[in-house]
Amino acid sequence: RIEDLDLSTGRVTIKPYHVGKTIPGSIFISGRTLHVLKTYLSNRKGTSPDDPLFESRKGGFLTRHALGTTIHRIGLRANIPDANPYRFRHTFATEWLRNHGDLFALQKQLRHQRITTTRKYATIVEADLEREHRGASPVCKWQL
């Protein structure tokens, strides 16, 4: 809902759609994302607090299935195979860590209950580090 987005701070309140599926709480969005959402809302009809933040074509709430279908369709046009919401989430988490974001902050942002779930993303980033080390290490390049 529009009321779940704080337009002054970029804080988004997350409410569970099913018990046990989503951890309630809040996340933050970037200033750029907030600017885009403000523009989107200023150009949209019907922006009362109870209205959906993202509307379906019929003006109701955008379902998870409809969002997945839309992302998949856009992915095909952009030549990105298997585009889906989870892939966006995975890419966000990986890039967060590649940009030296804190693992515990990422856990909160992704709303993971266990740090072991979030730690899987750190393993991917460690593999990047290993590959970079092999390619950039002076010792490897000197062939000592």
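What counts and how
- Residue positions are given per chain, counted from 1 along the sequence in the order it is written.
- The model is predicted, so local features are restricted to residues of pLDDT at least 70 and side-chain atom pairs to those at 80 or more, both for listing and for counting; the totals for chains, interfaces and linings are taken over all residues.
- Calculated side-chain values reflect all of the structure's heavy atoms, with hydrogen atoms and water omitted.
- Secondary structure elements follow DSSP: runs of H or I no shorter than four residues count as helices, runs of E no shorter than two count as strands, and numbering proceeds from the N terminus.
- Burial classification: accessible surface area is computed with a 1.4 Å probe over protein chains only, and a residue below 20% of its type maximum counts as buried, one above 50% as exposed, and the rest as partly exposed.
- Contacts are residue-level and defined by heavy atoms, with any inter-residue pair within 4.5 Å sufficient.
- Every accessible area reported is derived by Shrake-Rupley at a probe size of 1.4 Å, with residue values counting cover from the shown protein chains alone.
- The convention is simple: Lys and Arg are positive, Asp and Glu are negative, and His and the chain ends are not counted.
- Here the site of a charge means atom NZ of a Lys, CZ of an Arg, CG of an Asp or CD of a Glu.

Trainee: Please give an account of the overall build of the protein chain that cites residues and values.
Mentor: When you go through the protein chain residue by residue, the secondary structure sums to six helices and two strands. When its C-alpha atoms are laid out on the principal axes, the protein chain stretches across 70 × 35 × 30 Å. In the protein chain, which comprises 144 residues, the share counted as buried stands at 23%. A fraction of 35% describes how many contacts in the protein chain between residues 6 or more apart in sequence connect residues 24 or more apart. Taken as a whole, the protein chain presents about 10900 Å² of accessible surface, with 58% of it coming from carbon and sulfur. Averaging the locations of the 24 positively and 13 negatively charged side chains of the protein chain gives two centres separated by 4 Å.

Trainee: Any chance you could break down the side chain of Gln109 for me, citing the residues and the numbers?
Mentor: Position of Gln109 among the secondary structure elements: in helix H4 (residues 103–110). Overall, the relative accessible area of 14% leaves Gln109 in the buried class. Excluding residues that lie within four positions of it along the chain, Gln109 makes contacts with Ile27, Phe28, Phe92 and Trp96.

Distances and angles like these do not, on their own, reveal function.
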